[in-house]
Amino acid sequence: MTPSRMTASRGTESQDNSIAQDKENSVMGSIRSRRGLLVAVGTVLALGAASACGSSNDGGGSGSSGGAKGKKVRLITGVKSDPFYITMTCAAQQEAKAKGMDFTADGSAQWDVSVQRPLLDSVAAARPDGLLISPVDTSALTPSLKQIQSSGTKVALVDTTVSDDSVGITRISSDNEKGGRVAADALAKLMNEKGSVIVISVKPGVSTTDARIKGFTEEMGKYPNIKVLPTLYDNDLPATAASQIQSTLAAHPDLGGAFAGNTNTGTGIATGLKQAGKQGTVKVAAFDAEPDEVAALKAGTLQVLVAQDPASIGRQAVDQLADAFEGKSVSKTIGTNMVAITKDNMNDASVSKYFYKSQC
């Protein structure tokens, strides 16, 4: 989280791992529309292909000749132990190997600028041909990324983004705002369109999760008998999310729904509701599909998972760099699929393939 997706989510556009860990300022960036009931079997949300194309010379020229084989490519994820980013890394590594690239991956121990910056400094010193990165802030790392880009490294932004449009030859992520709207419609239906609903997310300033909250709260405006409570932030700590959902239950007995902005938040909400004896009574829609969330869905603590496709993000990012190295045009922006997972469809092979991995 995404955001988280967060991180940043994921997350956005993410987006740390177990409830026992006490990590501060970690966010997945991790995360990551359709309206109406989401329990239709195998519902896949196609989020649009590339919206623009740019020259392979944009954002760096070190790969302007010689093709993709042998090119040095580095991946820096938001939180390296997050299943969303593990899934992305596994797919990117496999795709890079198939293309003969020299690929290595690393990631932050937590979602924090001060933790990710040294990784960027290392890349700047090594000057690889390509860099895939999930920036943990929309602006703080922009100067470093622009410096890396100006030295000839081709930069691809994966999952999360930065505000400066000049950074990156391509940006690949889920449509997180649309995912938030999807979650809102799902919860409204499950809540019989009445009662209170709470949003719990990581922290403000993550592109992915900010977009999810925006989509969710705007869509909930369609339902006049549902009261949207002020958003709470848990700093990506499941234990905090568990405590927050219990406090909200005590203060708002009519609580009928909760929206979790990313993986760790979803895990924490599920735990808190189980401890309070309210699992299934309070309906929960959560982003992502990491192992603990899938288990909670099966147990009935979570009702809907809006799963992203981190594997596709990783593969397509490598493909875009390869095109740039070979002098071909690249897609400036690419939206990847999401799928709504419920207890009814989770055993369908076309749906379960979206479950995240804990290792390659």
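Rules of the game
- Residues take numbers from 1 onward in each chain, read along the sequence in its written order.
- Only residues with pLDDT of 70 or above have their local features reported here, since the model is predicted, and side-chain atom pairs are shown and tallied only from 80 upward, although totals for entire chains, interfaces and linings are computed over all residues.
- The side-chain figures draw on all heavy atoms in the structure; neither hydrogens nor water molecules are used.
- Numbering goes from the N terminus for both helices and strands, where a helix is a DSSP run of H or I of at least four residues and a strand is a run of E of at least two.
- A 1.4 Å probe rolled over the protein chains alone gives each residue an accessible area, and that area as a share of the maximum for its type sets the label: buried under 20%, exposed over 50%, partly exposed in between.
- Computed by Shrake-Rupley with a 1.4 Å probe, the accessible areas treat only the displayed protein chains as cover when residues are assessed.
- Strands pair, by our definition, only if DSSP identifies at least two bridges between them.
- Here, residues are in contact when the closest pair of their heavy atoms is within 4.5 Å.
- Just to be clear on terms, a salt bridge is a Lys or Arg side-chain nitrogen sitting within 4 Å of an Asp or Glu carboxyl oxygen.
- Lines fitted to C-alpha atoms define the axes, with helix axes restricted to the stretch in contact, and inter-axis angles between N-to-C directions lie between 0 and 180 degrees.
- Cysteine sulfurs are considered disulfide-paired once they come within 2.5 Å of each other.
- Pairing of aromatic rings covers Phe, Tyr and the six-membered ring of Trp, with a centre-to-centre limit of 6.5 Å; geometry is then stacked below 30 degrees between planes, edge-to-face above 60, and tilted otherwise.
- The rule for a charge over a ring is simple: NZ of Lys or CZ of Arg within 6 Å of the ring centre, and within 35 degrees of the ring normal.
- Only buried residues count toward a nonpolar core. Its members are Ala, Val, Leu, Ile, Met, Phe, Trp, Tyr and Cys residues joined through side-chain atoms within 4.5 Å.

Draft legend 1. Seen up close, the overall build of the protein. Looking only at helices and strands, the protein has 10 helices and 16 strands in total. Across the 360 residues of the protein, 58% fall into the buried class. Counting every atom, the protein has about 12800 Å² of accessible surface; 48% of that belongs to carbon and sulfur.

Draft legend 2. Seen up close, the pairing of strand β3 (residues 72-77). Pairing of β3 with strand β4 (residues 102-107) involves six bridges; the strand directions are parallel. Each residue of the ladder has a partner; that of Arg 74, found in β4, is Thr 104. Bridging between β3 and strand β5 (residues 130-133) involves four bridges; their strand directions are parallel. Opposite Val 73, over in β5, you have Gly 130 as the bridge partner.

Draft legend 3. Expanded view of unusual backbone geometry. The phi dihedral of Arg 127 falls on the positive side, at around 50 degrees, and the residue is not glycine. One can find Arg 127 in the loop between α2 (113-126) and β5. Located in the positive-phi region is Glu 193, a residue other than glycine, with phi close to 60 degrees. Here Glu 193 is to be found in the loop between α4 (176-190) and β8 (195-201).

Draft legend 4. Layout of the side chain of Thr 265. Looking at where Thr 265 falls in the secondary structure, it is placed in helix α7 (residues 263-275). On the accessibility criterion, Thr 265 (0% relative accessible area) is buried. In this structure, Thr 265 is in contact with Ile 200, Ser 201, Val 202, Asp 234, Ala 241 and Ala 260, ignoring residues within four places of it in sequence.

Draft legend 5. A look at the pattern of salt bridges. All chains considered together, the criterion is met by 13 salt bridges. Among the ionic pairs, Asp 102 bridges to Lys 72, the shortest N-O distance being 3.0 Å. Pair noted here: Asp 102 is in strand β4 and Lys 72 is in strand β3, with a separation of 30 residues, a long-range link. Asp 102 gets classed as partly exposed once you look at its relative accessible area, which sits at 29%. By relative accessible area, Lys 72 is classed as partly exposed at 40%. For the salt bridge of Asp 185 with Lys 222, the shortest nitrogen-to-oxygen distance reads 3.5 Å. Residue Asp 185 is located in helix α4, and its partner Lys 222 is located in the loop between α5 (207-220) and β9 (226-228); the two are separated by 37 residues in the primary sequence. By relative accessible area, Asp 185 is classed as buried at 1%. We classify Lys 222 as partly exposed; its relative accessible area is 39%.

Draft legend 6. Looking closely at the sheet that holds strand β6 (residues 154-158). The strand order across the open sheet formed by six strands is β4-β3-β5-β6-β7-β15, and the pairing between neighbours is parallel. Each edge of the sheet is formed by a strand with only one pairing partner; in this case those strands are β4 and β15 (333-336). Averaged over neighbouring strand pairs, the angle between their axes works out to 15 degrees when direction is ignored. Where strand β7 (residues 170-174) and β15 come together, four bridges link them in parallel fashion. By the bridge assignment for β15, Arg 171 is matched with Thr 333. Taken strand by strand, α2 contacts β3, β4 and β5, and its axis lies near 175 degrees from that of β3.

Draft legend 7. Local environment of the state of the cysteines. Inspection of the entire model under this criterion finds one disulfide. One disulfide in the model links Cys 90 with Cys 360; its S-S distance is 1.8 Å. Because the torsion about its S-S bond is -100 degrees, the bridge between Cys 90 and Cys 360 counts as left-handed. Placement of Cys 90 in helix α1 (residues 83-98) and of Cys 360 in the segment after α10 (349-352) is noted, with a sequence separation of 270 residues between them. By relative accessible area, Cys 90 is classed as buried at 9%.

Draft legend 8. Structural context of the packing of aromatic side chains. This model, assessed by the stated rule, comprises five aromatic pairs. Among the aromatic residues, those joined into a cluster by ring pairs are Phe 84, Tyr 85, Trp 111 and Tyr 356. The side chain of Lys 71 reaches across the aromatic face of Phe 325, ending 5.9 Å from its centre. The ring of Phe 287 is capped by Arg 212, whose NZ or CZ atom sits 4.0 Å from the centre of that ring.

Draft legend 9. Fine view of the nonpolar core. Counting residues in each nonpolar core, the largest one holds 70 residues, and the members touching the most others are Leu 131, Leu 132, Ile 269 and Ile 341. The dominant element in this core, judged by the number of residues it contributes, is helix α9 (residues 310-325), at seven residues. Residues contacting Ile 269, with those up to four places away along its chain left out, are Ile 200, Ala 241, Ala 242, Ile 245, Ala 258, Phe 259, Ala 260 and Val 284. Ala 184, Leu 187, Met 220 and Phe 259 belong to the second largest nonpolar core, which has 20 residues in total.

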